[in-house]
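# An overview of the molecular structure
Listed below are the residues making up each chain.
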Amino acid sequence: MLPLEYRPAQEYISLYNRSLDENAKITADAAAVLSERIYRRYGSNITLVSLARAGTPAGIIIKRYLNRRYPEINVSHYTISIIRGRGIDANAMKYILARHEASSICFVDGWTGKGAILDTLRRELASYEGVPDELAVLADPAHITDLCGTREDFLIPSSCLNATVSGLMSRTFLRSDIIGENDFHGAVYYSEMESEDRSNEFIDRVTDMIDFTKSYETCDESPADHAGFEEVVRIKNDFRVSDINFVKPGIGETTRVLLRRIPWKILVSDKKDKRHLEHILELAREKNVEIQEYPLGCYRSCGIIKNLSDI
């Protein structure tokens, strides 16, 4: 079952526009740093495989960077479906592996929350010999991957929208009455929202902010220590949350849960941090959601939901 998606409300668009103005540069810097890390890790033969759908614009920006910075190397790009509880698209993996070396595959996503998608990815890739079980992300506040552009928790503009920043594609699905044994996972194309599509705008704005005369090779090389997940467990225990999936850490996840649902509580590291948290504080006040300062370390904010219907 796919959740219905409607034309973005004005609050979504306003938040997206503000975030794009404020954060396109930090997103661009993160994409450039990540691209350099991928190049150093994979060399001249790179097959970018974005995880649908947040990973798709990130993968396109990375490919644009690599093609411009290193025109002599070979870079391919795909988007693949991975569904929690159902796994990765086996037919898509078969398709990619028939055309590219297993060692060249680099999975891409937008950001990390708790790290659940990476855990799912690694379990699935145990069946694929030679495929690296790494995940490259623009922002890794969860501290779970070494292939990241930054570990800073900030609002990536694309997290404010759904299909209209992801090529008008829905979330992926796998239903036996629609998807055949040899088919790829499915998705819906929302042609009725073509006039609202911001996908190319986002990719172009971020790419245009990259300074191709600058060296992005010198960056923080601190190893992943999984501190983010430890913090999520602490939040779960402190607030007696029944299911860890009800804890939505990071600015991106907090923003999304506020836009889509009415969470039980919002935790913030510092209510005076207007630069990063003003939109979260505004949304929480509008929806009458309690805001509580909490000693967050990896994240600047965290949303907590109590009821399954609020996911």
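Here, every reference points to the structure presented above.
Reference entry: report on the structure contained in this document. (Residues numbered from 1 in each chain as written. Predicted model: local features only at pLDDT ≥ 70, side-chain atom pairs only at ≥ 80, totals over all residues. Heavy atoms only, no water.)

## Concerning the layout of surface pockets
- The space that makes up the second largest pocket amounts to roughly 340 Å³.
- The wall of the second largest pocket is formed by 20 residues, among which A52, T79, I80, S81 and T172 lie closest to the centre.
- Of the residues contributing to the lining of the second largest pocket, the split by class is nine nonpolar, nine polar and two charged. (1 Å grid on protein atoms, 1.4 Å probe; cavity = no way out; pocket = protein on both sides within 12 Å on 5 of 7 lines; lining within 4 Å. Points joined across faces, edges and corners; volume = space filled by probe spheres on them. Nonpolar A, V, L, I, M, F, W, Y, C, P; charged D, E, K, R; others polar.)

## Digging into the packing of aromatic side chains
- In the structure shown here, the tally under the stated rule is seven aromatic pairs.
- Ring plane angle 80 degrees and centroid distance 6.4 Å describe the contact between Y65 and Y216, whose orientation is recorded as edge-to-face. Here Y65 is found in helix α2 (residues 55-69), whereas its partner Y216 is found in the loop between α5 (199-208) and α6 (227-238), with 151 residues between them in sequence.
- With a centroid separation of 6.3 Å and an interplanar angle of 75 degrees, the aromatic rings of Y78 and Y95 are classed as edge-to-face. Pair noted here: Y78 is in strand β2 (residues 74-80) and Y95 is in helix α3 (residues 90-97), with a separation of 17 residues, a long-range link.
- Residue classification places Y95 among the partly exposed positions, given a relative accessible area of 36%.
- Aromatic ring contacts, followed pair by pair, group Y65, F212 and Y216 into a single cluster.
- Looking at R99, its charged tip hangs above the ring of Y95, at a distance of 3.5 Å from the centre.
- Here the basic side chain of K265 rests over the ring of W264, its NZ or CZ set 4.6 Å away from the ring centre. (Phe/Tyr/Trp six-rings, centres within 6.5 Å; stacked < 30°, edge-to-face > 60°. Helix = DSSP H or I, 4+ residues; strand = E, 2+ residues; numbered from the N terminus. Buried < 20%, exposed > 50% of the residue type's maximum accessible area, 1.4 Å probe, protein only. Lys NZ or Arg CZ within 6 Å of the ring centre and 35° of its normal.)

## Some remarks on empty space enclosed by the protein
- A complete count under the given rule lists two cavities of 30 Å³ or more for this structure.
- Computed from the structure, the largest cavity encloses a volume of approximately 50 Å³.
- If one sorts the elements of the lining of the largest cavity by residue count, helix α7 (residues 251-260) sits on top with three residues.
- Across the lining of the largest cavity, the residue classes break down as six nonpolar, three polar and two charged.
- Estimates place the volume of the second largest cavity at around 30 Å³.
- As for the second largest cavity, its lining consists of A54, P57, A58, G110, W111, L138, I156, S158 and F202.
- Contributing elements (two or more residues each) for the lining of the second largest cavity: α2 and β5 (105-111).

## Quick look at the pattern of salt bridges
- For the coordinates displayed, the defined rule picks out 16 salt bridges.
- Here D204 and R64 are joined by a salt bridge, their closest N and O atoms 2.7 Å apart. Taken together, the residues span a long stretch of sequence, with D204 in helix α5 and R64 in helix α2 at a distance of 140 residues.
- Using a relative accessible area of 32% as the deciding quantity, one classes R64 as partly exposed.
- Residue D273 is joined to R300 by a salt bridge in which the shortest nitrogen-to-oxygen separation is 3.5 Å. (Salt bridge = Lys/Arg side-chain N within 4 Å of Asp/Glu carboxyl O.)

Function cannot be inferred from these measures alone, as they are strictly geometric.
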